[in-house]
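Below, each chain spelled out in residue letters.
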Amino acid sequence: CMTASGQKSSTSKKTEEMRNKQSKKKAAARGVFGDTENMKEKARRALIRLQYNVQDCYHETGIIQKIAKHPVLDNVTLAMILLNACWMAVDLDLNEADMLYEADPIFQVVENLF
């Protein structure tokens, strides 16, 4: 409640102070971790829920789905990312050309391979 001068009345200040004290007491009663039973229940629900896996959306038959689900594809993909990162370091250190068409042929060929 505001008075005509725009200040809070003394009763609203007291009410607000009482609410603050009550909320602090509740927070202290909960401890550091708050409502532990609620946290345990959330953890249980999270463990029960199925993890998302994009491979669940793939077809069940066919050669492409077999290739896409094969673990070797994951390793080959990571190897290509590693090789590309290494090549970028070599390219930055050794390639003096500003434009690709001005670079030595090895830089042009490898750049187009990636």
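Structure shown above.
Residues numbered from 1 in each chain as written. Predicted model: local features only at pLDDT ≥ 70, side-chain atom pairs only at ≥ 80, totals over all residues. Heavy atoms only, no water.

As a further point, take the packing of aromatic side chains. Summed over all chains, the structure comprises one aromatic pair. Ring plane angle 40° and centroid distance 5.6 Å describe the contact between Trp-87 and Phe-107, whose orientation is recorded as tilted. With Trp-87 in helix H4 (residues 71-94) and Phe-107 in helix H5 (residues 105-113), this residue pair connects regions lying 20 residues apart in the sequence. With respect to class, Trp-87 is no different from Phe-107; both count as buried. (Phe/Tyr/Trp six-rings, centres within 6.5 Å; stacked < 30°, edge-to-face > 60°. Helix = DSSP H or I, 4+ residues; strand = E, 2+ residues; numbered from the N terminus. Buried < 20%, exposed > 50% of the residue type's maximum accessible area, 1.4 Å probe, protein only.)

The topology assignment puts Asp-91 in helix H4. When the C-alpha atoms of Asp-91 and Phe-107 are compared, they prove to be 7.2 Å apart, with 16 residues separating the residues in sequence. Leave out the neighbours within four places in its chain, and Asp-91 touches Phe-107 and Glu-111. (Contact = heavy atoms within 4.5 Å.)

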